[in-house]
Amino acid sequence: MRLVVKVCHRRGAPATGGMAALTTASCKNEDDKKRIIDLVCKAKMKEINIGVDGFLIYDPELLPSINDIWSKYGLNQISTILHPDLNVSADDLLLIPSGAVTTAGVQRNIKIGILFIYSWLGNGKGHFMLDGAIEDSATAEISRSQIWQYIFHQTKLADATGEKNYESVCKK
């Protein structure tokens, strides 16, 4: 995100943060709702501190809280030189990320892909709710490309005995 901010501002363009996919729609009580609102506000404050000039939310119920933090802390930061010490090379962008690939993560990616196709073709909608978050074509494409990368690079599953057989994971 810091690189996006730096490049956008250097070019005189606003740097837009990510979309808050969490919603209050599935909250069963006010405590759950407050927890979701707090999580989203914390994430958006982090983006403001990084230097974004705006961001997206899906749930209109979040709007009053988001507007409140934006009016207090957000501002157009295009003319501000942020992250002057950030130097990212082409080689840095080609590094393979570290971290674990888990069976649960692969299964969630598959679930997202199937639910997106069902939602799109079966219901005529390009989005759906999953575990309190809105998911759409962007999430489905990220999920699909991650699975492809895992298979292509023969990534081992961290929670299996080094298993690389994604077909067996997909059938579970």
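Residues numbered from 1 in each chain as written. Predicted model: local features only at pLDDT ≥ 70, side-chain atom pairs only at ≥ 80, totals over all residues. Heavy atoms only, no water.

## A few points about the nonpolar core
Where a protein is soluble and globular, its nonpolar side chains tend to be buried together. Which entries qualify depends on this criterion: Residues enter a nonpolar core if they are buried and are Ala, Val, Leu, Ile, Met, Phe, Trp, Tyr or Cys, with the set joined through side-chain atoms within 4.5 Å. Here the term buried applies to any residue with accessible area under 20% of the maximum for its type, exposed to any over 50%, and partly exposed to those in between, with areas from a 1.4 Å probe on protein chains only. Only DSSP runs of H or I reaching four residues or more are called helices, and only runs of E reaching two or more are called strands; each is numbered from the N terminus. The contact rule is simple, with two residues in contact once any of their heavy atoms fall within 4.5 Å.
Core analysis: the biggest nonpolar cluster contains 17 residues, and Val5, Val40, Ile66 and Ile69 have the highest contact counts within it. When residues of this core are traced back to their parent elements, those giving at least two are helix H1 (2-10), helix H2 (30-50) and helix H3 (63-73). Among the elements that make up this core, the one with the highest residue count is H2 (7 residues). When residues no more than four places from it in sequence are discounted, the contact partners of Val40 are Ala20, Leu22, Leu62 and Ile66. Counting 8 residues, the second largest nonpolar core, distinct from the first, contains Val106, Ile110, Leu157 and Val169.

## Regarding the packing of helix H5 (residues 103-123) against helix H6 (residues 137-152)
Condition: Convention adopted: a line fitted to C-alpha atoms gives each axis, helices being fitted over their contacting stretch, and angles between N-to-C directions are expressed from 0 to 180 degrees. Oblique is the label for every angle not falling under 35 degrees (roughly parallel), over 145 degrees (roughly antiparallel), or within 65 to 115 degrees (roughly perpendicular). Left-handed describes a crossing whose near helix is turned anticlockwise from the far helix by less than a right angle; the clockwise case is right-handed. Each residue is assigned to one class: nonpolar for Ala, Val, Leu, Ile, Met, Phe, Trp, Tyr, Cys and Pro, charged for Asp, Glu, Lys and Arg, and polar for all the others, Gly among them.
The interhelical angle for the contact between H5 and H6, taken along N-to-C directions, is 135 degrees, at an axis separation of 9 Å. By the angle class used here, H5 and H6 are oblique. Remark: the crossing between H5 and H6 carries left-handed chirality. Here Val106, Asn109, Ile110, Ile112 and Phe116 of H5 lie close against H6, whose contacting residues are Ser137, Thr139, Ala140, Ser143, Gln146, Ile147 and Tyr150. Grouping the constituent residues of the contact of H5 with H6 by class yields 7 nonpolar, 5 polar and no charged.

## What to know about the pairing of strand S2 (residues 54-57)
What counts here: Strand pairing requires that DSSP identify at least two bridges connecting the strands. Here the term right-handed applies to a crossover when the path leading from its first strand over the helix to its second strand runs clockwise, the strands being oriented away from the viewer.
Summarising the sheet, strand S1 (residues 16-20) and S2 pair through 3 bridges and their orientation is parallel. Residue Met19 lies in a different strand from S2, and its bridge partner there is Leu56. Since S1 and S2 lie parallel, the crossover through H2 that links them has a hand, and here it is right-handed.

## Considerations on the packing of aromatic side chains
Heads up, the condition is: Each Phe, Tyr or Trp ring (for Trp, its six-membered ring) is paired with any other whose centre lies within 6.5 Å, and the angle between the two planes then decides the class: stacked below 30 degrees, edge-to-face above 60, tilted in between.
Across all of its chains, the model carries 3 aromatic pairs by this definition. Aromatic side chains Phe55 and Trp70 sit 5.3 Å apart centroid to centroid with 90 degrees between the ring planes, which places their arrangement in the edge-to-face category. Here Phe55 is found in strand S2, whereas its partner Trp70 is found in helix H3, with 15 residues between them in sequence. Between the aromatic rings of Phe116 and Trp120, the centroid separation amounts to 5.8 Å while the plane-to-plane angle is 25 degrees, which identifies the pairing as stacked. One end of the pair, Phe116, and the other, Trp120, are both in helix H5, 4 residues apart, so they sit about a helical turn from each other.

## Notes on unusual backbone geometry
Residues other than glycine seldom take positive phi values, yet Asp131 does so here, at roughly 55 degrees. On the secondary structure map, Asp131 appears in the loop between strand S3 (127-130) and strand S4 (133-136). The class of Asp131 is exposed, set by a relative accessible area of 61%. The phi dihedral of Gln154 is positive, around 50 degrees, even though this residue is not glycine. When you line up the elements, Gln154 lands in the loop between H6 and helix H7 (166-171).

## Some thoughts on the pattern of salt bridges
Put simply, the rule is: Note on definitions: salt bridges are taken to be side-chain nitrogens of Lys or Arg within 4 Å of carboxyl oxygens of Asp or Glu.
For the structure shown, the criterion picks out 7 salt bridges. For Asp38, the salt bridge goes to Lys34, with nearest N and O atoms at 2.9 Å. Taken together, the residues Asp38 and Lys34, both in helix H2 and 4 residues apart, mark about one turn of the helix. Residue class for Asp38 comes out partly exposed when judged on its relative accessible area of 39%. Of the charged contacts, one joins Arg144 and Glu141 as a salt bridge, the two residues approaching to 2.6 Å between their closest N and O atoms. Linking Arg144 with Glu141, this pair stays in helix H6, spanning 3 residues, or about one helical turn. Overlapping salt bridges bring together Arg108, Asp131 and Glu135 as one network.

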